[in-house]
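Per-entry structural report
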Amino acid sequence: MSGIRMRIDGKEVQATEGMTVLEAAQSAGISIPTLCHHEKLAPFGGCRLCIVEIAVHGRNNIVASCVHQAEDDLIINTRSEKIDRIRKSILELLLAHAPDSPQLQELAADYGAEKNKFKPEPSFCIHCGLCVRYCAEIKKKHAVGFIDRGIRKEISFLPEIASAECNDCKECFPLCPTSYLQAAFVLVESLAFPRGKATRA
Amino acid sequence: MTLIDSSVELEELRGRIVSERDPDTPCITVCSGTGCLASGAREVIAAFSHEIEAHELKVELDFRATGCHGFCEKGPIVVIDPDEICYLQVTPDDVPEIITKTIKGNEVIERLLYVDQNTGEKAVHESDIPFYKYQKRMVFAANRRIDPKSFEDYLAIGGYQALIKAFFEMTPEQVVSEVKDANLRGRGGGGFPAGKKWEIARSAPGEPKYVIVNCDEGDPGAYMDRSLMEGNPYGVLEGLTIGAYAIGSHEGYVYIRQEYPLALENLRAAIEEAEKRGLLGTDILGSGFDFQVKVHRGAGAFVCGEETALIISLEGEVGEPKPRPPYPAVNGLWGKPTIINNVETWANVPLIINKGAAAFASIGTEGSKGTKIFSLVGKIANTGLVEVPMGINLRDVIYKIGGGIPGGKKFKAVQTGGPSGGCIPEERLDLEVDFDELTKAGSMMGSGGMIVMDEETCMVDVARYFVDFLTDESCGKCVPCREGLRQMQRILTDITEGKGKESDIEVLQELAETAREASLCALGKTAPNPFLSTFRYFRDEYEAHIKEKRCPALSCKKLVSYFIEPEKCKACLICLKECPAGAIDGAKKTIHIIDQEKCDACGICFEVCPSRFEAVMRVSGEPVPPPIPEEQRMVIRKSKQQ
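This one's a predicted model, so the numbers in the text were calculated from it and none came from an experiment. Each chain has its residues counted from 1, following the order in which its sequence is written. Ligands are numbered from 1 and chains lettered from A, in the order in which they are written. This being a predicted model, a pLDDT of at least 70 is required before a residue's local features are given, and a value of 80 or more before pairs of side-chain atoms are given or counted; all residues contribute to the totals for chains, interfaces and linings.

**Structural notes on the overall build of chain A**
Spelled out, the test is: The helix and strand labels rest on DSSP assignments: H or I over at least four residues marks a helix, E over at least two residues marks a strand, and numbering proceeds from the N terminus. With C-beta atoms placed from the backbone, the exposure class of a residue follows from how many other C-beta atoms lie within 10 Å of its own: 20 or more, buried; 12 or fewer, exposed; in between, partly exposed. Think of it this way: build a C-beta for each residue from its backbone, and any pair within 7 Å is a contact.
The helix and strand tally for chain A stands at six helices and seven strands. With respect to the principal axes defined by its C-alpha atoms, chain A has extents near 65 × 45 × 30 Å. Burial analysis of chain A (201 residues in total) assigns 39% to the buried set. Residue pairs at least 24 apart in sequence account for 54% of intrachain contacts in chain A once pairs closer than 6 positions are excluded.

Below you can see the structure in the form of structure tokens.
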């Protein structure tokens, strides 16, 4: 085991080759907020809430800790005025989608994010991709995916696969931070599943 | 056609081709780039073919449909060599006259020449036209001289000399250090030194290695890569093959955007020909080096111009950027070391190998060497592609080459660097154009788009336009870009519609910081630039929109009103007939009035009102005067009074 030593928030942290900064911090009991991270899934880097500052040549670079590889001698700050400001801004953008998500509310309280900074959005999906990636990487079914791009991007169940696979699984349901996934499922179930397949009690 | 087995054979073939060509034989070249084709070059080419046939001139006259000449404003362009007689906006009807007068009678046709708008002077030769005179054409030079589909033409101008030199006189390490010494920086946007990238890829572990041409040029108004690929595909392939040799790659890809059919056609023809001739494939020119090139068409996503998204798209997945590091030079296509450069960068490579790094580096500024092709578009007299040495004064590009702003309007700003670039105002016009100076001015080089704006362009609306574009083109993966752009677009739209609040500026600045610092890829990190740079230089316009509900450029539809000045209106009925909203009341001899309730502020009345009357007025931030009383609406003509 090749040991990597770095400093996170002034604390000496050990990591092993291949670990991300986030994993190294977590293993040392330092908490960094995340939304799209899941230990069983490949790093995604979508929500950007886990940003940290890395000191490089006298300046602080902001990186997403969930995708940044641990390296020897890194000096990392997980909180700063700037980091907190950006996390607050990210949370406010997401609260426009899911103002009542308990997970978002908890984080909003930590960072002083306003719930109504922006006009409410019709969709409460925050595009963390946990459902999409869990279904693809762990279940290998690809029953739910992203469609379209940019601000029109949404998740969608694929009726052909979902009708055959989802009723007995639903392992993605508890992953969703906003319950939008369940709504999307109910929608596709009522619109596109063959009669009799929909076995909701 | 036989395979060319060695460099000696290639040189022999070149010798034969050159000896069969008499440099004094007149040669008619017609630009057949996309711009000229759109303005009728196809018909001009057909007319020439017909006339040449009819006059039996095939022997004593060469004829060539070439790539883009760059002066797109004045297409179709015809240049007659060896005297470089340049005819502009040629129509098929002009062709018989060109043949009889210029070719047979050695006479210049005056009406087809370039006329200087200021001096009224005519220019006979291409190089006398200011648009060309102040350019330095190196990368773009071949475009005018060759038929892009002709391998012989490319050989005749010295094609593949660089490849022979690299293969037989240089080691791959030497090629890398030559490109490094030349300090060739990537022309696609980032400006990263190509040689450094190559060096990393060369020494990175992992086989096979790949080389990629990024021809997914997507910036609005930018088309230099398209024109290079259309006009000189062999040049790009030669550069790519040299790059492959340098890093030890045997497989290359050209990622070409869906919207470039002609570039695709010419590229495919060139690849096929190069394969037949043995300049692609196994054991190229007997060097023992194998290299093949595959073409991949993009599907219309702007973000696929970003290198990691392009690579993922090549692999068959959805084109979304990946976090860097790792960089493609270490971990690229299929996880292998890959160099990816854009078309213009690759096209520079043969020049560097031929002339040497020192010659290349003698042009340009401290940090930016060589030339750069810009597409000069927008409110500019001479729209087109211009190649200039790095460090040229921006004012010279716009006034000397571009011919200034048409219609006597005032210059306001030039937008460089594509949608995520920035606007440079009048007071910064003396900056020396290179990678670093543009960045310092709050913009960037990008791929070389230059959109000129005049006094009638609203800078808030420009920011809104580019943010709109990015909102459509963001991949939607990360929050700062996707959600940040969504809100920026909403706020900017509100401001242009007079619904802006004073707190909006602060929110925009906050969103800008979040996107710039925390986005996943360069698209998101630079997405706030349209706002940041317009705000930096045109803060007063933002304030006018927000505080006074006034658009100083009189451009934002929701903030502009039109009215007709009774003293100037001659009751000509033109605006009344043209108004699509039926908002103009009037009749013959009855002064027209715009019904503000019905008016859509489309501005058609303003456009159509004859310039000798100029009766339609446009105001913003102030109420229109009340309409004149009914009894005063009768027009009394002076002539009838007497």
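**Brief notes about the interface of chain B and chain A**
The accessible area lost on association of the parts is a frequent measure of interface size. In plain terms, the rule: Residues are grouped as follows: Ala, Val, Leu, Ile, Met, Phe, Trp, Tyr, Cys and Pro are nonpolar; Asp, Glu, Lys and Arg are charged; every other residue, Gly included, is polar.
Taken together, the 25 residues of chain B in the interface contact 19 residues of chain A. Those elements that provide at least two residues to the side of chain B that touches chain A are helix 18 (459-473), helix 19 (479-496) and helix 20 (504-518) of chain B. For the side of chain B that touches chain A, the element with the highest residue contribution is helix 19 of chain B, accounting for eight residues. Here the residues of the side of chain B that touches chain A are counted per class, giving ten nonpolar, six polar and nine charged.

**A short note on the domain arrangement of chain A**
All names here are of chain A. Selection criterion: The split of the chain into domains comes from an automatic or database domain assignment.
For chain A, the domain assignment lists domain 1 (3-79), domain 2 (81-121) and domain 3 (130-192). Using C-alpha coordinates to define each centre, domain 1 is positioned 30 Å away from domain 3. The interface of domain 1 with domain 3 comprises seven residues on the first partner and seven residues on the second. Considering only residue class, the side of domain 1 that touches domain 3 consists of five nonpolar, one polar and one charged.

**Details of the sheet that holds strand 10 (residues 338-342) of chain B**
Residue and element names in this part refer to chain B. Put simply, the test is: We call two strands paired when DSSP finds no fewer than two bridges between them. Only the contacting stretch of a helix is used when fitting its axis, a line to C-alpha atoms as for every element, and angles between N-to-C directions run 0 to 180 degrees.
Taken in spatial order, the four strands of this open sheet run 9-8-7-10, and their pairing is parallel. Strands at the two margins of the open sheet, each flanked by one partner only, are strand 9 (292-297) and strand 10. Taking the axes of each pair of neighbouring strands and ignoring which way they run, one obtains an average angle of 20 degrees across the sheet. Pairing of strand 7 (residues 210-215) with strand 8 (residues 251-256) involves six bridges; the strand directions are parallel. Within the sheet, the bridge partner assigned to Tyr 210 lies in strand 8 and is Glu 251.

**As for the domain arrangement of chain B**
All names here are of chain B. Looking at the assigned domains, one finds that chain B contains domain 1 (19-131), domain 2 (159-361), domain 3 (371-457), domain 4 (460-547) and domain 5 (560-641). A separation of 33 Å is found between the C-alpha centroids of domain 1 and domain 2. Across the contact, five residues belong to domain 1 and six residues belong to domain 2. Partitioned by chemical class, the residues of the side of domain 1 that touches domain 2 number one nonpolar, four polar and no charged.

**Structural notes on the nonpolar core**
Here is the rule we go by: Here a nonpolar core is just a set of buried residues of the types Ala, Val, Leu, Ile, Met, Phe, Trp, Tyr and Cys, joined wherever their C-beta atoms sit within 7 Å.
If you look at the biggest cluster of nonpolar residues, it comprises 249 residues, and the most contacted ones within it are A:Cys131 and B:Val397. It is helix 11 (residues 233-247) of chain B that provides the largest number of residues to this core, a total of nine residues. The contacts of B:Val397, once residues within four sequence positions are left out, are B:Phe374, B:Leu376, B:Val386, B:Val388, B:Ile392, B:Gly402 and B:Val433.

**A few points about helix 10 (residues 224-231) of chain B**
Of all eight residues that make up helix 10 of chain B, eight are buried, and the element is covered over most of its length. Residues of helix 10 of chain B that are buried include every one of B:Met224, B:Asp225, B:Arg226, B:Ser227, B:Leu228, B:Met229, B:Glu230 and B:Gly231, and no others.

**Some details on the packing of helix 2 (residues 81-95) of chain A against helix 20 of chain B**
Heads up, the rule is: An angle below 35 degrees is treated as roughly parallel, one above 145 as roughly antiparallel, one from 65 to 115 as roughly perpendicular, and anything else as oblique.
Running from N to C, helix 2 of chain A and helix 20 of chain B cross one another at 105 degrees; their axes reach a closest spacing of 10 Å. Classified by the angle between their axes, helix 2 of chain A and helix 20 of chain B sit roughly perpendicular to one another. On helix 20 of chain B, the residues touching A:Ile86, A:Ser89 and A:Ile90 of helix 2 of chain A are B:Glu510, B:Leu511, B:Glu513, B:Thr514, B:Glu517 and B:Ala518.

**Considering the sheet that holds strand 1 (residues 3-8) of chain A**
Where strands meet in a sheet, backbone hydrogen bonds hold them as pairs that are either parallel or antiparallel. All names here are of chain A. Spatially, 2-1-5-3-4 is the arrangement adopted by the five strands of the open sheet, whose pairing is mixed. One side of each edge strand has no neighbouring strand; the edge strands of this open sheet are strand 2 (11-16) and strand 4 (59-64). Mean inter-strand twist for the sheet, computed between neighbouring axes without regard to direction, equals 35 degrees. As paired elements, strand 3 (residues 51-56) and strand 4 share six bridges and run antiparallel to each other. Considered in strand 4, the bridge of Ile 54 is made with Asn 61.

**Things to note about the environment of B:Ser150**
Along the chain, the position of B:Ser150 falls in the loop between helix 5 (130-133) and helix 6 (151-156). Its 18 C-beta neighbours within 10 Å are what place B:Ser150 among the partly exposed residues.

**Let's talk about the environment of B:Ala47**
Residues and elements named next belong to chain B. Considering the arrangement of structural elements, one finds Ala 47 in helix 3 (residues 41-54). Here Ala 47 falls in the buried class, since 21 other C-beta atoms lie within 10 Å of it. Placed 45 residues apart in sequence, Ala 47 and Pro 92 show a C-alpha to C-alpha distance of 5.6 Å. When residues no more than four places from it in sequence are discounted, the contact partners of Ala 47 are Pro 92 and Val 95.

**Focus: the pairing of strand 12 (residues 384-389) of chain B**
All names here are of chain B. For strand 12, the tally of buried residues reaches five of six residues, placing the bulk of the element in the interior. The pairing of strand 11 (residues 371-378) with strand 12 spans six bridges and is classified as antiparallel. The partner of Ser 375 across the bridge, within strand 12, is Leu 385. Once strand 11 ends, the chain turns through five residues before running back antiparallel as strand 12.

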